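# Summary of the model geometry
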Amino acid sequence: MNEPAKTWSVPDSLIGKRIPKMDAPDKASGRTRYIQDLEIPGALHGKILRSTRVHARILSIDTSAAKALAGVHAVITAADVPWQRPIGVGRDHLPLKADRVLSLRDEIAAVAADSEAIAEAALKLIRVVYEPLPVLATTIAASAPGAPRLHPDRPDNVAMTFDYAQGDLAQGEAESDVVVEDVFRLHYVTHCCMGVSGVIAEFDPSGNLLLYSNTQVPFLHKREFAELLGIDPGRIRIIQPPIGGGFGSKLDIYPFEPIAIFLAGITKRPVKLVFTREEEFIASPTRQPVLLKLRSGCRKDGTLTFRDVETVHDNGAYTSWGATTPFVMMQTISSLYRVPHCKYRTVAVYTNNPYAGSFRGYGNLQATFAVEAHMDKLAEAVGMDGLAFRLKNAQHPGEVTPQGMHFKSCGLKECLTTAAQRSDFLRKQAENRSRWNDPDPVKRGIGMASMLHVGGGAKIYPSDGCGTILKIDDFAHVTLITGASEIGQGSETVLAQLVCEELGLPMTAVTVVNNDTDITPWDVGVHASRTTFIAGNSAIGAARKAKRKILEAAAAKTGNRIDELGLAGGFITASSGEKLFELAKFLRSLHFSDKADLVMTSFYYEPPSRHQDKQFKGDVSAAYAWATQVCEIELDTETGIVRLLKVTGAHDVGRVLNRLGIEGQIEGGIVMGQGYALTEDLRVEAGVIRNPNFRDYKLVTAPEIPEMDISFIETMDGEGPQGAKGVGEAPAICIAAAVANAIHNATGTRITALPFAPENVYRALHGASEPPVWNAA
Amino acid sequence: MSANCDIAFTLNGVKRELSVPAGMSALAMLRERLGLTGTKYGCGEGECGACTILVDGMSVNSCLLFAADCDGRDVVTIEGVVQSEAGERLRSAFVASGAVQCGFCTPGLMVQASHLIEQHPGADEAAIRRGIEGNLCRCTGYRKIVDAIASAAKPDPGQTPFSEGQP
């Protein structure tokens, strides 16, 4: 048999190169099969009947007409699954609601039918009789004495609280020359993944469950589904087809998934359940809306003295990850800058509104919005420029904060100075201020904000680990089997790249398998900007084992020491660069001997961090990511329209691995942050979402994007894979905060409520709105 | 059930004859009847562009077009676009420029971009941005999509670049 000649030419190193995403050719050809595109023979179509009331008692559900419709295989309500258990982070809601609905999205019944059209027709035949209950549309209403309990075990409607303190607040205040206080209001936005939610569930005759799912956390979900069904988790297999966007939305389980499983179990047929876009807006999670009161102080010389923060989170009807975002918010409050005395009290209150999940940045957009407004305000009060003030209080490498975070690598100061220099920040800031009283109604503004985020995994669970299986076949083709999930961010490419770097192979020599729990090793999911760091270190571990094994075998043949041998360009090489063996041929000879054993396994658990204690103290990540972003805007004072012209960003990413991928993460994050600041606003009125469509919920479009100037600060983190740190969430975090500071620079007006939609900005500039007020709900 | 319509049209260069329900969208016909799943459902209301196809050379949201109205037309989907040399050039540019992340919006953008380049060879940055404003992308921030289209749309020497301000 003729063997294809290996004509590899590999550059010295792949690190920092522009590596195209491995799945891009298929995706750009329309060949990629997302969950919406999968047709399982014999599958039924599932549809969910949702509540039309925000808060009501269910008096009766009549499904008889729906059941009688031709082509309907099952119509189920809570009565059909009496064994169902509460789901979600808070374990506080049943997939199918039994006697009461707490929000407009609530699931009451579900249909499995031969087609979507029949399923929809059947939904219309289900009759539900409600008895209305008082709607708790705000946290104030939900906290009022005598407010109805939304969950029987929560008499005060409090879903979750966090209390954190460091130092002595009274001392901090006493040492302050300047104290400022504001109330900030952060609004609802939602993920808007371009691929809507969906799932396909199927049982085999032995009762094993196969789930095609868009989840970001397949292994944790296996356990949850097993609990729900009362079966051994080993009998659940989750396959993740390519996912049409995640951004945190797929981190919890939602009722549609168990419902599809119930339907599949009852009909003994595969059931496919896919949302409409309207359903996606109404029944998928949001970013958590927050009311935040911040008091901050500093000395005359600009040294921060204290921060005192209270927040109220509208938890919505049920508890998902949104309720736990204070975990991240407090890191920014306590540790983005050096502040000795800190207090942070927060409460998440149940209401009849939509409930919040995890969303890229995880509370950090909200916290940074407030903290960075006060950095500007305090700087101004003591007569310093915002850059000097931030630099004075910036963290530096080696610091351990009072909360216990250890910044082994920290490029914040370089981020600040780089972003300021490249944007000509100080000159433009002064020039814009000098134009406040110009007759021209169109003003310019420039604003700065920085951020701190976990960049080396996160101890959300007791451990943060990921496994790798790596096999090399007799043609030197590598299969990298990783626990890390791919949601579009490019993890498969960067992991393959790290393996190729170790083995001296081109990207075409690697296949990545990453989407089947029966095959892939354990992992805690794609979240917390952790994948490159955790899964990357795991992949490197397996590749290094393989490399060692190959070089040992080669050394045995040549008589060299293994440190005199290397892998490059598809060859085993001597330290002189001389090609000793073609790798494929060498491996073939190993495979046909009894010594190949070229299946490597490795696990990486990020070592130095630990789970926080009860006081929320601890070093939660092996590394931390930093960034400064400067936003330049144009603001028309006659219309309130704010245009984002330019973003100058400097990101401490540890090290750039795939330049194309990291630019894509940062550009996409910036534009997502732009949407949060300027255009996106999920309008929730008395529990009803008023704009569940892309016409009225405005995502940023191509003509509106800013010029983007991105610098990378390479601090070479000691624990990071090739020195890299996480970056997925970072770029979205600062934008709203920096735009707020730019609006102040343009007009002298500080707006503390998002979004900066034209009407809101116009009202604020013309004294036609009140700043948010604090309520101690 | 609604009445069926018998239609005949050209799909990616091949003649097709089909009987479709009067209320069926072109999107549903392509995906569910013809197995062409490259055309995506993103919103069903013509707001996101994920279902963009070409009908007689015009770019159309296939979710808003009745299948029956394809009768007698020349329909091209992403599967057809990538068969052409220009489509292949565009696809390579999308890959090399990093214009693809989750990829769900990508086929629609590819179709729209191929239309844009054909209508306005050598379109400049502003024209490209305007040309894809009907296509939503949540991952990339559009920058690399614009770069990809620009690199695939390099003007022939001597040609005046098309600009938004020009007629």
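Time to look at the overall build of chain B. Along its length, chain B carries 6 helices and 5 strands. For chain B, the N- to C-terminal ordering of α and β elements is β-β-α-β-β-β-α-α-α-α-α. For 167 residues, the compact-globule formula gives about 15 Å, and the C-alpha radius of gyration of chain B, at 16 Å, lands near that figure. For chain B, the spread of C-alpha atoms along the principal axes amounts to about 55 × 35 × 30 Å. Among the 167 residues that make up chain B, the fraction classed as buried is 57%. Partitioning the intrachain contacts of chain B with sequence separation of at least 6 by distance along the chain shows that 55% fall at a separation of at least 24. Within chain B, the 19 negative side-chain charges are centred at a point lying 7 Å from the centre of the 14 positive side-chain charges.

Let's shift gears to the side chain of serine 335 of chain A. Its location among the elements puts serine 335 of chain A in helix α9 (residues 326-335). The class for serine 335 of chain A is buried, based on a relative accessible area of 0%.

Per the counting criterion, the structure on display carries 63 salt bridges over all chains. Linking arginine 390 of chain A and aspartate 376 of chain A is a salt bridge whose minimum nitrogen-to-oxygen distance equals 2.9 Å. Within this pair, whereas arginine 390 of chain A is found in helix α11 (residues 386-393), its partner aspartate 376 of chain A is found in helix α10 (residues 364-381), the two being separated by 14 residues in sequence. Across this residue pair, the class does not change: arginine 390 of chain A and aspartate 376 of chain A are buried. In this structure, glutamate 680 of chain A and arginine 138 of chain B form a salt bridge, with 2.7 Å as the shortest nitrogen-oxygen distance. Of the two residues, glutamate 680 of chain A is situated in the loop between α17 (659-679) and β26 (684-685) and arginine 138 of chain B in the loop between α5 (125-131) and α6 (143-152); the pairing between them involves two chains. Classification of arginine 138 of chain B by relative accessible area gives buried; the value is 7%. Residues joined in a network through salt bridges with shared partners are Lys21, Asp23, Lys27, Glu486 and Glu492 of chain A.

The biggest cluster of nonpolar side chains holds 159 residues, and the ones touching the most others in it are Val739 and Phe756 of chain A together with Phe94 of chain B. Those residues in contact with phenylalanine 94 of chain B that sit more than four places away from it in its chain are Ala28 of chain A together with Ala99, Val100, Thr106, Leu109, Met110, Ala113, Ile145, Ala148 and Ile149 of chain B. In terms of nonpolar packing, the next biggest core, distinct from the first, is built from 51 residues, Leu14, Leu498, Ala554 and Ala623 of chain A among them.

For the rest of this paragraph, the subject is the interface of chain A and chain B. A common measure of how large an interface is: the accessible area buried when the components associate. Taken together, the contacts link 50 residues of chain A with 41 residues of chain B. For the pairing of chain A and chain B, the buried interface totals around 3700 Å² over both sides, and the portion due to carbon and sulfur atoms is 60%. Across the contact surface, chain A and chain B share 5 salt bridges. A salt bridge links lysine 144 of chain B to glutamate 663 of chain A; the nearest nitrogen and oxygen atoms lie 2.6 Å apart. Taken together, the connections running from chain A to chain B amount to 23 residue pairs in polar contact (both at pLDDT 80 or more). Only α1 (24-28) and α17 of chain A provide two or more residues apiece to the side of chain A that touches chain B. With 8 residues, α17 of chain A is the single largest residue contributor to the side of chain A that touches chain B. Here the side of chain A that touches chain B is composed, by residue class, of 24 nonpolar, 16 polar and 10 charged.

Our next topic: the state of the cysteines. Residue and element names in this part refer to chain B. Summed over the entire model, instances satisfying the criterion amount to 0 disulfides over all chains. Looking at the unpaired cysteine 43, the closest cysteine sulfur is the one in cysteine 48, lying at 3.8 Å. Judged by its relative accessible area of 5%, cysteine 43 falls in the buried class. Free of any disulfide, cysteine 105 has its nearest cysteine sulfur in cysteine 137, 3.7 Å distant. Judged by relative accessible area, which is 7%, cysteine 105 ranks as buried.

Our next topic: the packing of helix α3 (residues 85-97) of chain B against α6 of chain B. A pair of packed helices is captured by two measures, namely the crossing angle of their axes and the spacing between those axes. Residue and element names in this part refer to chain B. Put simply, α3 and α6 touch, their axes get as near as 8 Å, and they point 140° apart. As summarised for this structure, α3 and α6 are arranged oblique, according to the angle between their axes. Considering only the axes of α3 and α6, their crossing is right-handed. When α3 is examined against α6, the residues Arg89, Leu90, Ala93, Phe94 and Ser97 are found in contact with a partner set consisting of Lys144, Ile145, Asp147, Ala148, Ile149, Ser151 and Ala152. Taken together, the residues that form the contact of α3 with α6 break down as 7 nonpolar, 2 polar and 3 charged.

So, on to a negative patch on the surface. Residue and element names in this part refer to chain B. The grouping of Asp6, Glu17, Asp69 and Asp71 at the surface amounts to a negative patch. By the secondary structure assignment, aspartate 6 is in strand β1 (residues 4-11). For aspartate 6, a relative accessible area of 64% gives the class exposed.

A word on the domain arrangement of chain A. Residue and element names in this part refer to chain A. As assigned here, chain A comprises domain 1 (44-133 + 196-243 + 250-283), domain 2 (290-458 + 612-765) and domain 3 (465-605). Counting residues at the interface gives 22 residues for domain 2 and 17 residues for domain 3. Of the roughly 1300 Å² buried between domain 2 and domain 3 on both sides combined, carbon and sulfur atoms contribute 59%. Contact with domain 3 buries surface across domain 2, with Leu657, Pro721 and Gln722 losing the most and accounting together for 36% of the total. Remark: the boundary between domain 2 and domain 3 carries 0 salt bridges. Considering only residue class, the side of domain 2 that touches domain 3 consists of 8 nonpolar, 10 polar and 4 charged.

Residues and elements named next belong to chain A. Spatially, β16-β24-β25-β28 is the arrangement adopted by the 4 strands of the open sheet, whose pairing is mixed. Of all the strands in the sheet, just β16 (442-454) and β28 (707-713) have a single pairing partner and so form its edges. Across the sheet, the mean angle from the axis of one strand to that of its neighbour is 15°, orientation sign disregarded. Sheet topology note: the strand β24 (residues 624-636)/strand β25 (residues 641-652) ladder contains 11 bridges and is antiparallel. If you follow glutamine 629 over to β25, its bridge partner there is glycine 649.

Here the focus is the domain arrangement of chain B. Residue and element names in this part refer to chain B. Entries for chain B in the domain assignment read domain 1 (4-77) and domain 2 (82-152). Taking only C-alpha atoms, the centre of domain 1 and the centre of domain 2 are 21 Å apart. Counting from both sides, the interface comprises 15 residues of domain 1 and, opposite them, 12 residues of domain 2. Both faces combined, the contact of domain 1 with domain 2 buries some 990 Å², and carbon together with sulfur accounts for 56% of it. Together, Lys40, Cys48 and Thr52 form the three largest contributors to the area buried by domain 1 at its contact with domain 2, with a combined 34%. At the boundary of domain 1 with domain 2, the tally comes to 0 salt bridges. Counting the contacts that link domain 1 with domain 2 gives 5 residue pairs in polar contact (both at pLDDT 80 or more). Secondary-structure elements contributing two or more residues to the side of domain 1 that touches domain 2 are β3 (52-55) and β4 (58-61). Take the side of domain 1 that touches domain 2: its biggest share by element is 3 residues, from β3. Taken together, the residues that form the side of domain 1 that touches domain 2 break down as 6 nonpolar, 7 polar and 2 charged.

What counts, and at which threshold
- Residues numbered from 1 in each chain as written.
- Chains lettered and ligands numbered in written order.
- Predicted model: local features only at pLDDT ≥ 70, side-chain atom pairs only at ≥ 80, totals over all residues.
- Heavy atoms only, no water.
- Helix = DSSP H or I, 4+ residues; strand = E, 2+ residues; numbered from the N terminus.
- Rg over C-alpha atoms; globule rule 2.2 N^0.38 Å.
- Buried < 20%, exposed > 50% of the residue type's maximum accessible area, 1.4 Å probe, protein only.
- Contact = heavy atoms within 4.5 Å.
- Lys, Arg positive; Asp, Glu negative; His and termini not counted.
- Charge placed at Lys NZ, Arg CZ, Asp CG, Glu CD.
- Salt bridge = Lys/Arg side-chain N within 4 Å of Asp/Glu carboxyl O.
- Core = buried A, V, L, I, M, F, W, Y, C linked by side-chain atoms within 4.5 Å.
- Buried area = accessible area lost by both parts, 1.4 Å probe.
- Polar contact = N/O pair within 3.5 Å; in protein donor to acceptor, adjacent residues only side chain to side chain.
- Nonpolar A, V, L, I, M, F, W, Y, C, P; charged D, E, K, R; others polar.
- Disulfide = S-S within 2.5 Å.
- Axes fitted to C-alpha atoms, helices over the stretch in contact; angles between N-to-C directions.
- Parallel < 35°, antiparallel > 145°, perpendicular 65-115°, else oblique.
- Left-handed = near helix turned anticlockwise from the far one by under 90°.
- Patch = residues over 30% accessible without salt bridge, like charges linked within 9 Å, V, L, I, M, F, W, Y side chains within 5 Å.
- Areas by Shrake-Rupley, 256 points an atom, 1.4 Å probe, with all protein chains shown as cover.
- Domains from an automatic or database assignment.
- Pairing = 2+ DSSP bridges.

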